[in-house]
Amino acid sequence: MKKEAFVARPSYSGSAEAQLFLEGQLVIRNASLLKQELLTALSNSQNLELILKNITKVDMAFIQLIIALQKTAAKDNKSVSLKMKPSGFVSSVLRNNGLEKYFAIKNDA
């Protein structure tokens, strides 16, 4: 993985459930590709679980993307949850920006 890159690995378990594993830097530089990955995963499932592991950097672009994803899911009667491995900085950025209002955040990825 390049220093500025992110990795997205989808996992589908039937038409209703999907997981999208995200690693690396979730920043504005990767926002366009990340948006495509998020929308593709959501379109292929009813319930999408985002799993964050080994996140090295996160910024407001990512936060805005996943809030928009949650709103899109709600309009389509779908659900999105967020699971992450506790990592001080990333956990605090996500929680300090109020993401628990939009997602069920689980700290056990």
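Residues numbered from 1 in each chain as written. Predicted model: local features only at pLDDT ≥ 70, side-chain atom pairs only at ≥ 80, totals over all residues. Heavy atoms only, no water.

A closer look at the overall build of the protein
The number of helices and strands found in the protein is 3 helices and 5 strands. Relative to its full complement of 109 residues, the protein shows a buried share of 43%. Counting contacts in the protein only where the partners sit at least 6 residues apart, residues at least 24 apart contribute 65% of the total. Just so you have it, the protein exposes about 6000 Å², and 50% of that area is on carbon and sulfur atoms. (Helix = DSSP H or I, 4+ residues; strand = E, 2+ residues; numbered from the N terminus. Buried < 20%, exposed > 50% of the residue type's maximum accessible area, 1.4 Å probe, protein only. Contact = heavy atoms within 4.5 Å. Areas by Shrake-Rupley, 256 points an atom, 1.4 Å probe, with all protein chains shown as cover.)

Structural notes on the pattern of salt bridges
Under the counting rule described, the total for this entry stands at 2 salt bridges. In this structure, Glu23 and Arg9 form a salt bridge, with 2.5 Å as the shortest nitrogen-oxygen distance. Taken together, the residues span a long stretch of sequence, with Glu23 in strand E2 (residues 17-26) and Arg9 in strand E1 (residues 6-12) at a distance of 14 residues. Relative accessible area serves as the criterion here: at 16%, Glu23 is assigned to the buried category. Classification of Arg9 by relative accessible area gives partly exposed; the value is 41%. Across the pair Glu49 and Lys83 runs a salt bridge, and its minimum N-O distance is 3.9 Å. Here Glu49 is found in strand E3 (residues 47-58), whereas its partner Lys83 is found in strand E4 (residues 79-84), with 34 residues between them in sequence. Classification of Glu49 by relative accessible area gives buried; the value is 12%. For Lys83, a relative accessible area of 18% gives the class buried. (Salt bridge = Lys/Arg side-chain N within 4 Å of Asp/Glu carboxyl O.)

Quick word on the pairing of E2
For E2, a buried count of 7 out of 10 residues is recorded, marking the element as mostly surrounded by other parts of the structure. Of the pairings in the sheet, the one linking E1 to E2 comprises 7 bridges and is antiparallel in character. Pairing of Pro10 across the sheet is with Leu20, part of E2. (Pairing = 2+ DSSP bridges.)

Topic: the pairing of E3
As defined by bridge partners, E2 adjoins E3 across 9 bridges and the pair is classed as parallel. Note on E3: the bridge partner recorded for Leu20 is Leu50. One ladder, built from 6 bridges, connects E3 with E4; its direction is parallel. When the bridges of E4 are listed, Glu49 appears paired with Ser81.

Here we look at the confidence of the model for the protein
Of the residues in the protein, 84% have a pLDDT of 70 or more, and the chain-wide mean is 84. The weakest mean pLDDT in the protein belongs to strand E5 (residues 105-106) at 66; the strongest belongs to helix H1 (residues 31-43) at 94. (pLDDT = per-residue confidence, 0-100.)

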